[in-house]
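Each chain, written out:
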Amino acid sequence: MSQISITLLRLGFLILLWALVLSAIGVLRADLYGTRVTSRGKGMNRRKTDGRADKMATPSRASTGIRTGGMSPRESTAAHLAVTAGPLKGTTIPLGSAPVMIGRAATCTVVIEDDYCSSRHCRVYPDGGQWMVEDLGSTNGTFLSNQRVDDPVPFHLGDKLSLGATTIELRS
Amino acid sequence: MATVAEIRVHQGRRSEVALLAIAVMIAVLARGLVDYHADVLELRDLGLYALTAVALATTAHLVLRRYAPSADTVLLPAVFALNGIGIAMIRRIDFAYAERGRDTTFGNVQIGWAILGIALMIGVILLVRDHRVLRRYTYTAGLVGLIGLLLPLFPVIGTEINGARIWIHLFGRSLQPAEFAKIALVIFFAGYLVTNRDTLALAGPKILGIRFPRPRDMGPLVLVWLASMLVQIYERDLGTSLLFFGIFLSMLYVATERLSWVIVGLGMFVAGAAFAGTVFAHVHSRYEAWLHALDPAVYASGASEQLVRGLFGMASGGLLGTGLGEGRPDLVPYAESDFIISSLGEELGLTGLMAILTLYVIIVQRAMRTAIGVRDGFGKLLAVGLGFSLALQVFIVVGGVTRVIPLTGLTTPFLAYGGSSMLANWMVVGLLLRISDQARRPSQVVT
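Residues numbered from 1 in each chain as written. Chains lettered and ligands numbered in written order. Predicted model: local features only at pLDDT ≥ 70, side-chain atom pairs only at ≥ 80, totals over all residues. Heavy atoms only, no water.

Enquirer: Break down a nonpolar patch on the surface for me, with residues and values.
Expert: Residues and elements named next belong to chain B. On the surface, a cluster of nonpolar side chains totalling about 340 Å² of accessible area is made up of Tyr253, Val254, Leu259 and Ile263. At the level of secondary structure, the elements contributing two or more residues to the nonpolar patch comprise helix H8 (238-256) and helix H9 (259-279). With respect to the secondary-structure elements, Ile263 resides in helix H9. A residue is classified by how much of its surface remains accessible, and Ile263, at 41% relative accessible area, is partly exposed. (Patch = residues over 30% accessible without salt bridge, like charges linked within 9 Å, V, L, I, M, F, W, Y side chains within 5 Å. Areas by Shrake-Rupley, 256 points an atom, 1.4 Å probe, with all protein chains shown as cover. Salt bridge = Lys/Arg side-chain N within 4 Å of Asp/Glu carboxyl O. Helix = DSSP H or I, 4+ residues; strand = E, 2+ residues; numbered from the N terminus. Buried < 20%, exposed > 50% of the residue type's maximum accessible area, 1.4 Å probe, protein only.)

Enquirer: Talk me through the environment of Tyr116 of chain A; I want residue IDs and the actual numbers.
Expert: Residues and elements named next belong to chain A. Topologically, Tyr116 is positioned in the loop between strand S5 (110-111) and strand S6 (122-127). For the pair Tyr116 and Ala165, spaced 49 residues apart in the sequence, the C-alpha separation amounts to 7.3 Å. Excluding its chain neighbours within four sequence positions, the residues that come into contact with Tyr116 are His121, Asn140 and Gly164. (Contact = heavy atoms within 4.5 Å.)

Enquirer: Any details on the sheet that holds S6 of chain A? Residues and values, ideally.
Expert: Read from one edge of the open sheet, five strands run S5-S4-S6-S7-S10 (chain A), paired in mixed fashion. Each edge of the open sheet carries a strand with a single partner, namely S5 and strand S10 (153-155) of chain A. (Pairing = 2+ DSSP bridges.)

Enquirer: Give me the pairing of strand S12 (residues 166-171) of chain A: which residues, what numbers.
Expert: All names here are of chain A. For S12, the buried fraction is high: six of the six residues fall into the buried class. Alternating positions in S12 separate into two faces, Thr166, Ile168 and Leu170 on one and Thr167, Glu169 and Arg171 on the other, with burial throughout. The pairing of strand S2 (residues 79-85) with S12 spans five bridges and is antiparallel. Across the sheet, Leu81 pairs through a bridge with Leu170, a residue of S12. Judged from the four bridges that link them, strand S11 (residues 160-163) and S12 form a sheet pairing that is antiparallel. By the bridge assignment, Leu161 is partnered in S12 with Ile168. The hairpin turn running from S11 into S12, its antiparallel successor, is two residues long, and Gly164 in that turn takes a positive phi close to 60 degrees.

Enquirer: Pulling in residues and values, what's your account of the environment of Tyr36 of chain B?
Expert: You can see Tyr36 of chain B is positioned in helix H1 (residues 14-37). Between the alpha carbons of Tyr36 of chain B and Leu324 of chain B there is a distance of 9.7 Å; along the sequence they are 288 residues apart.

Enquirer: Go over the sheet that holds S2 of chain A with me, naming the residues and quoting the values.
Expert: All names here are of chain A. Read across the open sheet, the six strands follow the order S3-S2-S12-S11-S8-S9; overall the sheet is antiparallel. In the strand order of this sheet, the two ends are held by strand S3 (92-95) and strand S9 (147-149), each with one partner. The mean inter-strand angle of the sheet, taken between neighbouring strand axes irrespective of direction, is 30 degrees. Pairing analysis gives four bridges linking S2 to S3, with the strands arranged antiparallel. What sits directly across from Ala79, in S3, is Leu95. (Axes fitted to C-alpha atoms, helices over the stretch in contact; angles between N-to-C directions.)

Enquirer: Let's hear about the confidence of the model for chain A: which residues, and what values?
Expert: For chain A, per-residue confidence averages 74 on the pLDDT scale, and residues scoring 70 or more make up 71% of the total. Contacts from residues 42-76 of chain A, a stretch scored under 50 in pLDDT, to residues over four places away or in other chains number 29 contacts. (pLDDT = per-residue confidence, 0-100.)

If you want it as structure tokens, here you go:
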């Protein structure tokens, strides 16, 4: 092999190394932040942040961005609980086929550090293709769209569940 | 109120295939360049090597697809590339030694260790289906780790190589038990801290706005500190001692979220190390070789010769390096193990070395991201501990070679020649992949 091709291979090796590093970072980019919390500001401020969120969400298919509620409950079985207010603000909990216990106790799926929560406060569980919410005898009550929950009631996509200072939204 | 936009984790493993392909190309090209410059390039051998690499990558990928489908996709390619670079470099140093009449087969042995390491990683993934099982063995792991750490001190099996007593001799092979003890102790620390973090985090007096722990809660910290001091004084290895103390301190910080532990712990370590440096002659000579490496008297005595030669090797590499197979890395003693970083710095230059360090950053970042994503406290601490152990080990080695901290006998993970380090670090990767699978999988089981 000639000297020039060897030099090219030598530099090519360094380029290949960096190609691996940069493409690994490219794969990571979508996964760097678990959730993006945008404070709901006033007027113009809000539009600006939304625009940025859209721009950041479009480039990769991995980050299919923001979806708000209001879809039919049967559309998707895979769902998320998104905590929009309270000490766990910004957390999302992917829902599978198992029930989710919410409360202060360490054994709960979602552990909320809040004096206004009971240790086993409420439960979200799947039933016949949709999600249900049930209060477990909490002291300060569970509210679904400002209605107090006692017996199990259906939890539709986009509904807001309040317990103590925490608000949780069901998303697709 | 706030809007919360969740970014979905990409579930497929297709990105891993693409990254693995680049990693295999790196490994094969590296070996091709090395063989060409040693005038032993045979396309048949290179093809066989490429086939082996592809087969290993495919096997690992398929196992992950089947048994840990949500596991992280970047971890495996990054480690594969590091391994490939390491093997090529060690092979290159074999050729350099051969030219000087020293017959070594480090490169081929290292290929064997890498294959064994990948097999071990697959074994970990198949055996440990849920990392939470490991919590049951908290105290067993603690005992195993402590014994492993102190094993080289026992008279018959412990051996001293180059002044450091960190090897044991078993069945005609030498082995560094500390590498495996590292994993056991991380499991122990995670299990112990997840149960006891509240007492360690809450009580204590407040001085200068920082809440300090109560003296009676200092027990565990003092114990680990004593163990690490013992290692430093009797095994004569600052690196191992710093590694264990650092892992414990970082996990303690993550468990309690209190900076005061880090301040107290680092203060204790610096004080202990300074004390050992003034009282014990062998520790003192190590510090001397670090602080006055370029002093002609110290260099002439041989204490800093290796370090200085490594520095000059890296300097001659410059920005782009001399090219794989075109430098003289063999002028540095132990160029294939302790000083592989300076060999790589010489032949790949600053550009290559930065890429290698970035690969380590990526691996550690994945461990930390896994810790954020996983939903149980034990898993969080385990992922942090494993990730930090890799990060700290790289810091200690690269810091030692570049004269940031005193030189120690630790190995560069995945790059340096050595079976213990290779096997143990592949096990760490296996555990990290297992935890990341749990972290990224939608929740199915509620306990």
